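Topology and contacts: notes
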Amino acid sequence: MSMQIDCFARKLFCSSSSPLVSVPLPSRRETHLWYVIPDEVKDASLQNQYMKLLSPCEKKTVLQMQGDRLQKGALLARALVRTTLARYTDTQVSPNLLKFQKNNFGKPEVEWKHDVQWNPPSLHFNISHSSSLIACGVTVDMPIGIDVEEKQRKAKTSTMAFARRYFSPHEVERLQAIADPEVQRHEFIKLWTLKEAYVKALGRGFSASPFKTFAIQFRRKPKSRLHVTLDSHSEDFKIVVEPLNASEDVKTNWQFGLFELARSHYAAICIGNNKTTEGEENHPLKLKVWRTIPFVEDECVSGSDSVVALSGLT
């Protein structure tokens, strides 16, 4: 699947005191994703600069983490969110001045300070991280959930034992049909990222939307004659969510994107839009991706081998 995306190619190598590069807001049905690789951030003075962006509560949370690696990951996650969102304010808000609030289930949201001379953008964001990569997804006017998982992730128990514990019977059946254990493991990780992204887009958390209460389906698009399998990379199928009980939220039209990121991770995006017109759900999502070290380097990697679409993206 092609990933040729209209994205300005920008690569900056500069001092840690350089300002953030402003970025135009995502367009309709578009997601922007920024990611940082913790092992690439080695400068202690830069990490101190990131710490100054945090609120007192955030600093306390970071310093309470056990071990340097966990502290660094927590610091970079918060710094990535603040610097990413500040890019979309046209220099109106500095990263350290951003305020956040949480919904009833604990999902963070931007709390804008309204000004008569400036209307803040209706940004939605979500963050996900592994030990080796931290990502922040951004949309406008649409709820978003993202998840990133290492491709080499290993479960302490067998893949199928883990799947039976968390997945729906239909998903377990599809995984069981894969004979090769390594292929099965990779398909399990892809499915996990999609389910995680959906739960995070709902904004209710895993406890309120357990993985067994819904199934991720790979359905053939109208007019497609192909037999679609779980690990297919064909454009002739789309990813949909199927609630398995009446309490599950089905009011929003959810769309998914699945891709490989930085050659080391699987990543999933789920966005919702109540205003979708009939037939629009068949349009793939647009995605723009940047690798960043905030205040030092920004590189647009859309269209490169760092972002390889698997399904649902244009």
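Residues numbered from 1 in each chain as written. Predicted model: local features only at pLDDT ≥ 70, side-chain atom pairs only at ≥ 80, totals over all residues. Heavy atoms only, no water.

Quick notes on the sheet that holds strand β10 (residues 265-273)
With respect to topology, four strands assemble into an open sheet ordered β6-β10-β9-β13, the strand pairing being antiparallel. Lying at the two open borders of the sheet, with one neighbouring strand each, are β6 (144-150) and β13 (307-311). Sheet twist, expressed as the mean angle between neighbouring strand axes with direction ignored, is 25°. With four bridges connecting them, strand β9 (residues 253-261) and β13 associate as antiparallel partners. Bridged to glutamate 260 within β13 is valine 308. Its contacts with the sheet place helix α6 (residues 181-202) against β6, β9, β10 and β13, and it is angled at close to 155° to β6. (Pairing = 2+ DSSP bridges. Helix = DSSP H or I, 4+ residues; strand = E, 2+ residues; numbered from the N terminus. Axes fitted to C-alpha atoms, helices over the stretch in contact; angles between N-to-C directions. Contact = heavy atoms within 4.5 Å.)

Quick word on the sheet that holds strand β4 (residues 123-129)
With mixed pairing, the five strands of this open sheet are ordered in space as β4-β5-β1-β11-β12. The open sheet has two edge strands, β4 and β12 (297-300), and neither has a second partner. Going across the sheet, the axis of each strand differs from the next one's by a mean of 20°, ignoring polarity. Here β4 runs beside strand β5 (residues 134-140); their pairing, made up of seven bridges, is antiparallel. By the bridge assignment, isoleucine 127 is partnered in β5 with cysteine 136. Strands in contact with helix α3 (residues 68-86) are β1 (30-36), β4, β5 and β11 (286-293); relative to β5, the strand with the most contacts, it is inclined by about 25°.

Here's the deal with helix α5 (residues 169-176)
For α5, the complete set of buried residues consists of Glu171, Val172, Arg174 and Leu175. End-on view of α5: buried residues confined to an arc of 160°, all on one side of the axis. α5 presents Pro169 and Glu173 as exposed residues on the side facing more than 90 degrees away from its buried surface. Looking at the buried positions of α5, the neighbouring elements they touch are α4 (159-166), α6 and β7 (214-220). (Buried < 20%, exposed > 50% of the residue type's maximum accessible area, 1.4 Å probe, protein only. Arc of directions from axis to C-beta.)

Re the pattern of salt bridges
Overall, the coordinates contain 13 salt bridges when judged by the stated rule. With its nearest N and O atoms 3.6 Å apart, the salt bridge here joins arginine 69 to aspartate 39. Taken together, the positions of arginine 69 in helix α3 and aspartate 39 in the loop between β1 and α1 (44-51) put the pair 30 residues apart, joining distant regions of the chain. Take arginine 69: its relative accessible area is 52%, and that puts it in the exposed class. Given the relative accessible area of 45%, aspartate 39 is considered partly exposed. Glutamate 260 is the salt-bridge partner of lysine 151, the closest N and O atoms lying 3.3 Å from each other. Here the residue lysine 151 occupies a position in the loop between β6 and α4, and glutamate 260 occupies one in strand β9, the gap between them amounting to 109 residues. Judged by its relative accessible area of 15%, lysine 151 is buried. Three or more residues are tied together by salt bridges with common partners; here these are Glu40, Arg291, Glu297 and Glu299. (Salt bridge = Lys/Arg side-chain N within 4 Å of Asp/Glu carboxyl O.)

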